[in-house]
Every structure is written in C-alpha cells, then in structure tokens.
Amino acid sequence: MKTVFVTGASRGIGKSIALELGKNYQVVVGFSNSQDKADEVVEEIKKLGGESLSVQLNIEDRNSVDKAFNLIEEAYKHVDILVNNAGITKDNILPRMKDDEWNDVIQTNLTGNFYTSQRAIKKMIKNKWGRLIFISSVVGTSGNQGQANYAASKAGLIGLSKSISKEVGSRNITSNVIAPGYIETDMTSFIDDENKENIIEQLSIKRMGMPEDIANMVSFLCKDESEYITGQVIPIDGGLTT
Amino acid sequence: MEVNEVFEKVKGLFEEELGIESEKITMEAKLEEDLDIDSLGIVEVVMAFEDEFEIRIDEEELEEVVTVGQAVNLLHSKL
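One structure accompanies this document, and this report is about it. (Residues numbered from 1 in each chain as written. Chains lettered and ligands numbered in written order. Predicted model: local features only at pLDDT ≥ 70, side-chain atom pairs only at ≥ 80, totals over all residues. Heavy atoms only, no water.)

Residue and element names in this part refer to chain B. Under the criterion given, the structure shown has four aromatic pairs over all chains. Aromatic pair Phe 14 and Phe 49: ring centres 6.2 Å apart, planes at 20 degrees, arrangement stacked. A residue pair is termed long-range when its members are at least 10 positions apart, and Phe 14 in helix α1 (residues 3–18) and Phe 49 in helix α2 (residues 39–53) qualify at 35 residues. Its relative accessible area of 1% is what places Phe 14 among the buried residues. With relative accessibility at 4%, the residue Phe 49 sits in the buried group. (Phe/Tyr/Trp six-rings, centres within 6.5 Å; stacked < 30°, edge-to-face > 60°. Helix = DSSP H or I, 4+ residues; strand = E, 2+ residues; numbered from the N terminus. Buried < 20%, exposed > 50% of the residue type's maximum accessible area, 1.4 Å probe, protein only.)

So, on to empty space enclosed by the protein. All names here are of chain B. Following the criterion strictly, the structure yields one cavity of 30 Å³ or more and no others. Space inside the largest cavity adds up to approximately 90 Å³. Every element with two or more residues in the lining of the largest cavity is listed here: α2 and α4 (68–78). The element that contributes the greatest number of residues to the lining of the largest cavity is α2, accounting for four residues. Across the lining of the largest cavity, the residue classes break down as twelve nonpolar, no polar and no charged. (1 Å grid on protein atoms, 1.4 Å probe; cavity = no way out; pocket = protein on both sides within 12 Å on 5 of 7 lines; lining within 4 Å. Points joined across faces, edges and corners; volume = space filled by probe spheres on them. Nonpolar A, V, L, I, M, F, W, Y, C, P; charged D, E, K, R; others polar.)

All names here are of chain A. What the seven strands build is an open sheet, ordered β3-β2-β1-β4-β5-β6-β7; its pairing is parallel. The sheet terminates laterally at β3 (52–56) and β7 (233–236), the two strands that pair on one side only. This sheet shows a mean twist of 20 degrees between the axes of neighbouring strands, independent of strand direction. Pairing geometry for strand β1 (residues 3–6) and strand β4 (residues 81–84), over three bridges, is parallel. Within the sheet, the bridge partner assigned to Val 4 lies in β4 and is Ile 81. Strands β1, β2 (26–31) and β3 of the sheet are contacted by helix α3 (residues 62–76), whose axis makes an angle of about 160 degrees with β3. Across the sheet, helix α8 (residues 211–222) is in contact with β4, β5 (130–135), β6 (173–180) and β7; its angle to β5 comes to roughly 160 degrees. (Pairing = 2+ DSSP bridges. Axes fitted to C-alpha atoms, helices over the stretch in contact; angles between N-to-C directions. Contact = heavy atoms within 4.5 Å.)

Here you go:
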C-alpha cells in the first residue's frame, strides 16, 4: 500500500485530505502543535479500517523535517505521495508589515515545502513513481489586500511545483498545485456573515467551498489515472477566478 | 575491497538502476557523454552507491567525477 504524507493535517483542508486518502493509502498525519487533534484524525482513519500515524514537525526547520521523515521511513519505508498543505497567515497591509510577519510566512509556506519536497523526492526518483501536491491559494495568482506575504508564498509554490515537474517528469513523478478559493475552515472563520454573502455573490457556484471539494481533487491526483497531468495549477473556487 | 571488485559492483548498479549495457561500462567511459546518464541519473546511482556501500557522498565530491573510473576510485577511497 502506498504511503501519503499530509502536512498540516490536524484540521481544515489537510484533515479532510487525510481522511479521504485514508480509504486507499497509509496516511501520515503531519502536525505542528495539535497532537490531540492529529491523533483524532489517525483514530478516525483506523476506525474505517485504514492505516495511519501522526508525526510532529516544524516545517520551517530542516532538522525537524528530517526527523519527521526518519520516523515515517522507519514505519512505512518511504513517502510515495506528498501533500504539502501546511501553511500560516500573518496578515498586514504592506506599509505596516513587519520583517517577522514577512519572513515567518515565507519560511513556513514556501521554504518549508522546499524542505519536505526535497526530502521526499529522492526516494520517489529511486522508485520511479511519485506525486507531489501543493495546496496553494487563489490568492497566489490574484493577490489579496493585507496578504502580500501569504500571496507571495503561495505564488512561490507555483514556480516550485512547475520546476519540479520538469526535473522529474521522466521518472513518473508529477507535481501539481491546487489553488483553493474560499473554503470553510478555521482560516476563513473570521469572515462575518455579511462578507460571506458578498463573496458568495461573486461565485458561479453559490456556496462556500468545503474541505472535501479539495480532498476529492487530491484523491484523483494521487491515482495512476492522473499521470498525464503535471506542472498545473488547478483552481477549486466555485468559479471565483473565471 | 579491491578496486576491481568495486568496479564490478558499480557496473552491476549501472545495469540494474539505469539499464545501461554492460559492454559500454569501462573505467574510461564518461558518464554523461558515453553512457548518456543525465543529472537525475547521477542522483539515482549515487543513492544506490550510498545504500550498497553504506557511505555518504557529498555534492562537492561529485563535481570531480566525470568517468566511471573516477567514480570507482572515489568509492574505493571511502571504503
């Protein structure tokens, strides 16, 4: 059975991806702080007959990423599918944005994914099969006020993924970016009802996205049937960016 | 391990990992020009070497390696 590593999988989109993939793969639930919630995800996967374990990592720290991969490789040998989902926001308008706010977001959302991808891809090259899936955001291609750091990090993932797709395509490894729009998670819970209505007004599909909408696409990209799709950015946003 | 034995192992790995015909693999053969190994292929054989010989090879050490013979000597020096 193939092994999937989902970072930031204790809640939100990552959790939904882990639960969906738990039906067909061994799933490593990566988390930074919420051990309890990550273990709940593991238990839920096991209850449905799946195989899973949780691993703590600070994605912004290469040593921590290496340690996590060592643990995974002890249990499951190697990672076949890497879902780079972990991300943070530290919103501020540009004139007021502090160096820390900029650096932290770039380090976690972009550099952290460089660390995990680099570590995972060596084994994928050896196995001549692999899937890299980056969870970016529509903000990465359209920008957003107060999110220069977040948008830059999410746009950076597109260049990272496209470059990887060209480097390793000959080894049956694909790399794609999913760009979610407004998805109901903790990260969007600050949007009040009135703003929500305004957002929904702009969409072709008249509802907020659900984490499952993202998980379903990830599930497809993991399969052999998706082998001719690589280097792409796939928006899942209810028509927001059309 | 003698240099000759290292060469035979290297030859085996090249055949196994990259599907290169054994008669092409000589000490003088250039990895890129003569054996058509691309940069990703080098990564693959290096990982295979590391597993087989239980050693670590740094990026800097690889820069010097152009021929099979140089690879064999690098590995031999690490055993």
